[in-house]
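One-letter residues, chain by chain:
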Amino acid sequence: MKVIYVITLFIIYIETIFKILVVDEINITDVLYTLLFSIQAIIIINILCNIFKEKISKAILIITEIILSIYYIIQLIFYNLFSIPFSFSTIGLAQGAFSFKSMIIDAIIDNILPIIIMLIPLILTIIFIKKIKIEKYTKKKILITLLIFILLIAVENLAIRLDNKGEYSAYRLIYEIDAQDKNIKKFGLLKSTIIDIKRTIFGFQEKINIIQNDENTNKTNEEKNNELEEENAEEIKYNVENIELDNLINQTNDENLKDVLEYIKYASPSNQNEYTGYFKDKNLIFILAEGFNEIAVNKELTPTLYKLVNNGFVFKNFYSPVFLSTTGGEFQATTGLIPTQNILSMWKSKMPNIKYALGNSFGKEGYVSNAYHNWTYDYYSRNKTMKTLGFNSYMGIGNGLEKLIDSKWIPRDVDMINATVPFYASLGKFVTYYVTVSGHAPYNFGGGNSTATRYKEMTKNLPYSTEMKAYLATQIELDKALELLIQKLEEKGILDDTVIALVGDHYPYTLDIDDINTVSNYKKDEIVEVNKSNFIIWNNQMEEPIYIDKIGSQIDVLPTLLNLFGITYDSRLIIGQDILSNKEGIAIFSNRSWVTDSGTYFAATGEFYKKDGINIDDNYIKRINNEVANKFIMSNYFIKYNIYDYVL
């Protein structure tokens with residue numbers, strides 16, 4: 001068999017298998033694009049395998065197949081773990097996310113059959129390497145082959161320019177949008193990787209689509225408010241600050257920065273409401289709980305969680321979307337911005353001053369800010385990023401907490417609470433931020449998860465899989481930690497004056513969706529509903545629960561808390577929104593799917609499922625897709641341009 005046939009079968013096979021495994025829906029256009037770009041790769045590899053002596057050429061063939069096979073497998077595992085593809089722009093982040101060896105081993109075991117299937121061409125090449133024929137290409141044949149390659153590039157460019165209709169058309173994906181998962185679906189992994197590497201090296205600017213929503217959009221929000229008051233309309237106050245945006249727009253020659261400022265100028269701010277200042281001057285303890293999800297809430301198994309979830313503010317339609325594991329959940333909840341891999345990388349390298357971040361916002365109101373994490377203190381670069389969030393006092397394993405608790409894997413949440421409450425309980429007004437670790441995967445008994453093993457007896461009779469029972473066991477530790485926290489606050493006499501807020505960093509994504517649905521009270525899908533969770537805001541003095549039906553998500557946590565505590569902020573500078581405001585609720589997911597109060601949109605298929613009794617206009621889906629794209633872009637620019645320092 002000629003080497004070109006081997007290469008062709010290898011590339012087309014591995015691209016096809018990868019697409020089948022990670023892409024929700026494959027259409028004929030996407031197949032043709034993938035085939036077009038695959039042929040280009042085949043030509044280049046074929047030339048390399050036919051210009052050297054036979055032994056060298058065969059070595060190149062095997063090495064190429066090994067490298068590509070490993071890369072495709074890494075992408076498969078990464079995608080299955082984090083629901084997003086690996087990007088070369090964030091190798092440091094990936095290293096952090098992949099540092100738990102047991103999780104990687106479990107992921108490999110869970111995907112062992114797909115991995116074996118992907119390795120079949122490589123195995124066959126190695127077995128039959130002696131029968132593969134190498135052609136010694138002449139200069140003429142090389143030239144002809146290169147001309148064919150150039151012709152294919154021309155065809156590619158023509159096809160891309162003609163395909164310019166639709167939200168995720170080929171043209172928009174190449175020239176206007178940074179959506180790697182959409183690139184994989186449209187072009188295949190090879191082309192997507194080339195795009196990713198090119199953008200990593202040379203950069204890429206997405207274009208903001210500024211929509212002026214009414215005929216008075218050239219007027220400032222203050223002018224609009226004045227007009228409403230003059231017309232004796234109901235007085236509405238907005239969460240805005242006095243920013244001279246027109247002056248800033250006129251002062252810059254940077255078109256991208258100008259677009260950012262224009263977007264802020266025309267953005268619709270959120271209104272103050274009946275809950276503005278509801279918790280004015282109270283303390284706040286905010287907990288980012290590892291792996292916490294609504295399936296962990298059980299009246300018998302986790303009674304404290306059950307009490308907090310079903311009292312206080314009860315958010316009935318809240319989501320914690322996965323964006324690259326815990327660091328993505330942390331960024332969403334504490335900054336109100338969307339965390340792509342590129343944004344997270346800039347956050348850790350540029351260390352921007354995020355002035356509305358949790359610690360910064362409360363700090364300017366005189367709160368003492370402290371942060372604690374019962375795992376390695378510099379994991380995910382928290383030794384740097386905690387400062388950008390406004391927590392100048394931060395303790396973890398390695399910079400002090402290891403002296404106070406047992407730091408062997410997995411450290412206990414109970415121990416962290418017990419050791420740290422004395423540090424802030426007598427300091428006056430405080431905001432305390434906890435990042436827990438006891439709920440971390442892998443979920444097993446005796447296989448590296450000491451937390452699950454500790455509560456094995458409490459879950460052994462549950463009618464679930466071993467993995468699910470182990471997961472629920474880890475959440476018992478969180479429940480015990482909350483019980484202890486409430487007890488200690490009461491002992492210190494500050495429980496009545498302290499608000500406890502809690503969200504999960506992400507759903508337990510190492511669990512199989514079928515396992516999750518054995519516990520869930522309704523059938524969840526793997527894109528949207530698997531992320532549905534709880535957002536706890538609880539204070540001992542609330543006599544009755546306050547039920548909130550509106551859609552909300554992780555990026556809404558910060559602005560909701562700022563409004564409740566009566567802290568001044570400009571809602572146009574936070575991508576999330578106060579869930580208690582009158583703005584339409586929306587939850588956005590990593591692949592740009594979304595849920596609003598009107599329905600659910602799946603980006604991979606373009607399908608929209610409208611809620612019963614809801615009427616929408618013909619442009620609704622397009623408008624929300626544009627809004628979602630802008631939120632991704634603006635989150636990036638807020639960090640890239642250090643917008644908070646620039647405009648404030």
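The text that follows walks through the structure, step by step, so that each part is easy to find. (Residues numbered from 1 in each chain as written. Predicted model: local features only at pLDDT ≥ 70, side-chain atom pairs only at ≥ 80, totals over all residues. Heavy atoms only, no water.)

So, about the sheet that holds strand S11 (residues 594–596). Hydrogen bonding along the main chain pairs the strands of a sheet, whether they run parallel or antiparallel. If you walk across this open sheet you meet the 4 strands as S10-S11-S12-S13, and the pairing is antiparallel. The sheet terminates laterally at strand S10 (586–588) and strand S13 (607–610), the two strands that pair on one side only. Mean inter-strand twist for the sheet, computed between neighbouring axes without regard to direction, equals 10°. Two strands pair when backbone bridges link them, and S11 and strand S12 (residues 599–602) are joined in this way by 2 bridges, in the antiparallel orientation. (Pairing = 2+ DSSP bridges. Helix = DSSP H or I, 4+ residues; strand = E, 2+ residues; numbered from the N terminus. Axes fitted to C-alpha atoms, helices over the stretch in contact; angles between N-to-C directions.)

Roughly 1,200 Å³ of volume is contained in the largest pocket. Considering the residues around the largest pocket, the lining is formed by 45 residues, among which Tyr79, Asn80, Tyr507, Tyr509 and Glu526 are closest to the centre. Residues of the lining of the largest pocket, tallied by class, amount to 26 nonpolar, 8 polar and 11 charged. (1 Å grid on protein atoms, 1.4 Å probe; cavity = no way out; pocket = protein on both sides within 12 Å on 5 of 7 lines; lining within 4 Å. Points joined across faces, edges and corners; volume = space filled by probe spheres on them. Nonpolar A, V, L, I, M, F, W, Y, C, P; charged D, E, K, R; others polar.)

What follows is about unusual backbone geometry. Omega for the bond connecting Trp409 with Ile410 falls within 30 degrees of zero, at 5°, which places this linkage in the cis form. Its location among the elements puts Ile410 in the loop between strand S4 (393–397) and helix H19 (413–424). Residues Ala441 and Pro442 are joined by a peptide bond in cis, for which omega reads 5°. If you trace the backbone, Pro442 turns up in the loop between strand S5 (430–435) and helix H20 (450–454). Positive phi, close to 75°, is recorded for Arg592, a residue that is not glycine. Among the secondary structure elements, Arg592 is positioned in the loop between S10 and S11.

All right, on to the pairing of strand S3 (residues 368–376) then. Counting buried residues along S3, 7 of its 9 residues qualify, which places the element largely inside the surrounding structure. Bridging between S3 and S5 involves 6 bridges; their strand directions are parallel. Residue pairing for S5: Tyr372 is matched across the bridge by Tyr434. Direction of pairing for S3 relative to S4: parallel, over a ladder of 5 bridges. By the bridge assignment, Asn370 is partnered in S4 with Ser393. (Buried < 20%, exposed > 50% of the residue type's maximum accessible area, 1.4 Å probe, protein only.)

Right, let's talk about the environment of Lys456 for a bit. Secondary-structure assignment places Lys456 in helix H21 (residues 456–459). Distance in space between the C-alpha atoms of Lys456 and Thr466 is 10.0 Å, their sequence separation being 10 residues.

This part takes up H19. If you check H19, its first and last C-alpha atoms are 17 Å apart, about what 12 residues at 1.5 Å a residue would give, namely 16 Å. The complete set of buried residues in H19 reads Asp413, Val414, Met416, Ile417, Ala419, Thr420, Val421 and Tyr424. (Expected span 1.5 Å × (residues − 1).)

A word on the packing of aromatic side chains. A complete count under the given rule lists 43 aromatic pairs for this structure. Judged by centre distance (4.9 Å) and plane angle (50°), the rings of Tyr424 and Phe430 are tilted. There is no split in this pair, since Tyr424 and Phe430 are both buried. An aromatic cluster is built from Tyr275, Tyr278, Phe279, Phe313, Phe315, Phe318, Phe362, Tyr367, Phe535 and Phe565, whose rings are joined through pairwise contacts. Just above the ring of Tyr168 sits the side chain of Lys182; from NZ or CZ to the centre is 5.0 Å. One Lys or Arg, Arg199, reaches over the ring of Phe204 and ends 3.7 Å from the middle of that ring. (Phe/Tyr/Trp six-rings, centres within 6.5 Å; stacked < 30°, edge-to-face > 60°. Lys NZ or Arg CZ within 6 Å of the ring centre and 35° of its normal.)

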